[in-house]
Amino acid sequence: MSDKPRVLSLMQPTADSLHLGNYLGALRQWVALQEDHEAFFGVCDLHALTVEVTPAELRQRTLRAAAQFMAAGVDPEAAPVFVQSHVPEHAELMWVLSTMTGFGHAARMTQFKDKTAKGGQDQANVGLFTYPILMAADILLYQADKVPVGEDQRQHLELTRDLAQRFNSRYSPTFVVPEPHIVKSVGRIMDLQDPTVKMSKSASSPNGIIELLEEPAVNAKKFRSAVTDSGREISYDEEAKPGVANLLSILSAFSGRPIDVLVGEFEGKGYGDLKGAAADAVATVISPFRERTLALMGERSELEQILARGADRARGVASRTLAKVYKKVGLLPPVRR
Ligand code: TYM
């Protein structure tokens, strides 16, 4: 066991490519944190079953997600990369936690409400309702101190903390109570076509979302057609100029230059210049990322081996936590025959 603080985060394999929000809000933070933390990173394929997908697609997207983690710089030797369904403890702990979650509490989760509002109650499955409890199990199994995510996951983290505290006080200290790790400047990357809503694989129009594995020329075109406003001045104002603010945040994150410096540099220039600069800065980083992902996808058996090793290491931690939980809640241990 290492004495470094623990970090854990997962991503859903719900699209053929991760998008810019996933990258800036989460994946880049993962890579930064793996240095001085004991980190675990996973593909949450069980969560992805809550939306309709063909079996072949789900398998392919699961591998692609893992390949993208590594293409972005996750080092699977330092930080095990695993697939959630390879570690059965996730679903097992979820059951125990679901018996401790108030129905009303689960029903107040805004992501659930948003998702069901779109499709109506009949479109929603029970898995969508219990989704945040599975997420709590993902986190608590690893005794994670920090969970790097985007702003949209804050409420799920609150539920996770609440469950950990409730379990600890009902039984005895068992779970680490995790902190969300949300980087404010990139915690909520907005849709390029509607900068008042977050970029999202389920909700964004194709032109509003920058996919990391898309042809660079296609992404450049999407930047050029990004919605801004009728003004001319480049300034950072999330309320009055959400489109310009979003482009500045993206450019700042990819160029490493602070927003106020950028605003100074763009004085007297137009929105077209800002869009072009953002597109170029993004392309510089994601073109090699895309090449690396495609190369990793070409070595499928090696990728599968990495995931198998990752699952073994993850299970080592997860099974210890689950055994403690089963014992504390009073499940009768099976005797060895
Ligand atoms: P998912 O797969 O929807 O998104 C993956 C990560 O990307 C972040 N993100 C964003 N960040 C900034 N701006 C955006 N527009 C944006 N869109 C997405 C998400 O916040 C997330 O960090 N429930 C999680 C997956 C999950 C998980 C976990 C995360 C399952 N178990 C345990 C952490 C720990 C989700 O839906 O992520």
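The rules behind the values
Residues numbered from 1 in each chain as written. Predicted model: local features only at pLDDT ≥ 70, side-chain atom pairs only at ≥ 80, totals over all residues. Heavy atoms only, no water. Helix = DSSP H or I, 4+ residues; strand = E, 2+ residues; numbered from the N terminus. Buried < 20%, exposed > 50% of the residue type's maximum accessible area, 1.4 Å probe, protein only. Phe/Tyr/Trp six-rings, centres within 6.5 Å; stacked < 30°, edge-to-face > 60°. Salt bridge = Lys/Arg side-chain N within 4 Å of Asp/Glu carboxyl O. Axes fitted to C-alpha atoms, helices over the stretch in contact; angles between N-to-C directions. Parallel < 35°, antiparallel > 145°, perpendicular 65-115°, else oblique. Left-handed = near helix turned anticlockwise from the far one by under 90°. Contact = heavy atoms within 4.5 Å. Nonpolar A, V, L, I, M, F, W, Y, C, P; charged D, E, K, R; others polar.

Peer 1: Before we move on, could you go through unusual backbone geometry and cite the residues and values that matter?
Peer 2: At Gln143, a residue that is not glycine, the phi angle is positive and equals roughly 55 degrees. Note on placement: Gln143 falls in the loop between α7 (126-141) and β4 (146-148). Its relative accessible area of 13% is what places Gln143 among the buried residues.

Peer 1: An account of the packing of aromatic side chains is requested, with residue identities and associated values reported.
Peer 2: Throughout the structure, instances matching the rule amount to 10 aromatic pairs. Ring centres of Tyr23 and Phe254 lie 5.8 Å apart, and the angle between their planes is 15 degrees; on these two criteria the pair is classed as stacked. Linking Tyr23 in helix α1 (residues 20-33) with Phe254 in helix α10 (residues 242-255), this pair joins segments that are 231 residues apart in sequence. Accessibility classification places Tyr23 together with Phe254 in one group, the buried group. Consider the rings of Phe40 and Tyr142, whose centres lie 5.2 Å apart with planes at 40 degrees: the pair is tilted. Here Phe40, found in strand β2 (residues 38-43), pairs with Tyr142, found in the loop between α7 and β4; they are 102 residues apart in sequence, far enough to count as distant. Take Phe40 and Tyr142: they sit in the same class, and that class is buried.

Peer 1: Go over the pattern of salt bridges, please, and point to the residues and values.
Peer 2: Tallying each qualifying case throughout the model produces 13 salt bridges. The salt bridge involving Glu77 is made with Arg309; its shortest N-O contact spans 3.9 Å. Separated by 232 residues along the polypeptide, Glu77 in the loop between α3 (55-71) and β3 (81-83) and Arg309 in helix α13 (residues 300-329) bring together distant segments of the chain. Classification of Glu77 by relative accessible area gives exposed; the value is 53%. The residue Arg300 makes a salt bridge to Glu304 at a minimum N-O spacing of 2.9 Å. With Arg300 and Glu304 both in helix α13 and four residues apart, the pair spans about one turn of that helix. Taking the relative accessible area as the measure of exposure, Arg300 reaches 42% and is therefore partly exposed. Residues joined in a network through salt bridges with shared partners are Asp16, Glu57 and Arg61.

Peer 1: Before we move on, could you go through the packing of α3 against helix α12 (residues 271-297) and cite the residues and values that matter?
Peer 2: Contact pair α3 / α12: the axes reach a minimum separation of 9 Å and the direction vectors enclose 130 degrees. Between α3 and α12, the interaxial angle falls into the category oblique. α12 is crossed by α3, and the crossing has right-handed handedness. Contact with α3, carried on its side by Gln60, Leu63, Arg64, Ala67, Gln68, Met70 and Ala71, involves Phe289, Arg292, Thr293, Leu296 and Met297 of α12 and no other residues of that element. In terms of residue class, the contact of α3 with α12 is built from seven nonpolar, three polar and two charged.

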